[in-house]
Every structure is written in structure tokens, then in C-alpha cells.
Amino acid sequence: MKVGDIVRLKPEHHLNEFIKGDCYITQVIKYSYRHRKTRYHIKNNEDCMTWAHLEDLDLVSDLRNQRLESLGI
């Protein structure tokens, strides 16, 4: 993922009830240490923001592609 990608928090994420809808990535921090995960700063249009890891996010374009495949398009 890169800056500007549109993402959503996964439904089971604990902040999902506060940060609703689509968010966009504003900053990416990659660490050179193997035990540290890449962090993504996300923000929605109502100025709610947080840091998240890759396993906490769903890329909206991937969700759209999955839905189109299930419809047979």
C-alpha cells in the first residue's frame, strides 16, 4: 500500500465504531528492524485518524474486485 490509497478498517478492529467508512493513507513508516511492522497513518474526511498495520486494513479496490468477481464480471 502507498500514500493516497483508500482503505477501510476491518470489521473486527476495535476502532471500527469510531472511524467509520473510507479512509486514506497519509503516511507510511517502514522500519529496518525485522521485528517491527510497517505502520500506516490513516485519516477519514471527519478528521478522525489513527495508526494501523497492514493486517488491520482492507484496500477498497481489492474489496471492489472481489465483489465484481463474485458477480461474474
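Keep in mind that this is a model prediction, so the values were computed, not measured.

Thresholds, definitions, all that
Residues numbered from 1 in each chain as written. Predicted model: local features only at pLDDT ≥ 70, side-chain atom pairs only at ≥ 80, totals over all residues. Heavy atoms only, no water. Pairing = 2+ DSSP bridges. Helix = DSSP H or I, 4+ residues; strand = E, 2+ residues; numbered from the N terminus. Axes fitted to C-alpha atoms, helices over the stretch in contact; angles between N-to-C directions. Contact = heavy atoms within 4.5 Å. Core = buried A, V, L, I, M, F, W, Y, C linked by side-chain atoms within 4.5 Å. Buried < 20%, exposed > 50% of the residue type's maximum accessible area, 1.4 Å probe, protein only.

Examining the sheet that holds strand β4 (residues 49-53)
Phase 1: Reading across the sheet, the 5 strands line up as β4-β3-β2-β1-β5 and stay open at both edges, with antiparallel pairing between neighbours. Taken across any chain shown, the strands that pair with only one partner, and hence form the sheet edges, are β4 and β5 (57-59). Ignoring strand direction, the axes of neighbouring strands in this sheet form an average angle of 45 degrees.
Phase 2: Contacting β1 (6-9) and β5, helix α1 (residues 60-71) crosses the sheet at an angle of about 60 degrees to β5.

As for the nonpolar core
Phase 1: Within the largest apolar cluster, 10 residues are counted, these being V7, L9, I19, C23, I25, Y40, I42, A52, L57 and L59.
Phase 2: Among the elements of the structure, β1, β2 (23-29), β3 (39-43) and β5 are those that each provide at least two residues to this core.
Phase 3: Not counting residues up to four positions away in its chain, the partners in contact with I42 are V7, L9, C23, Y24, I25, C48, M49, T50 and L57.

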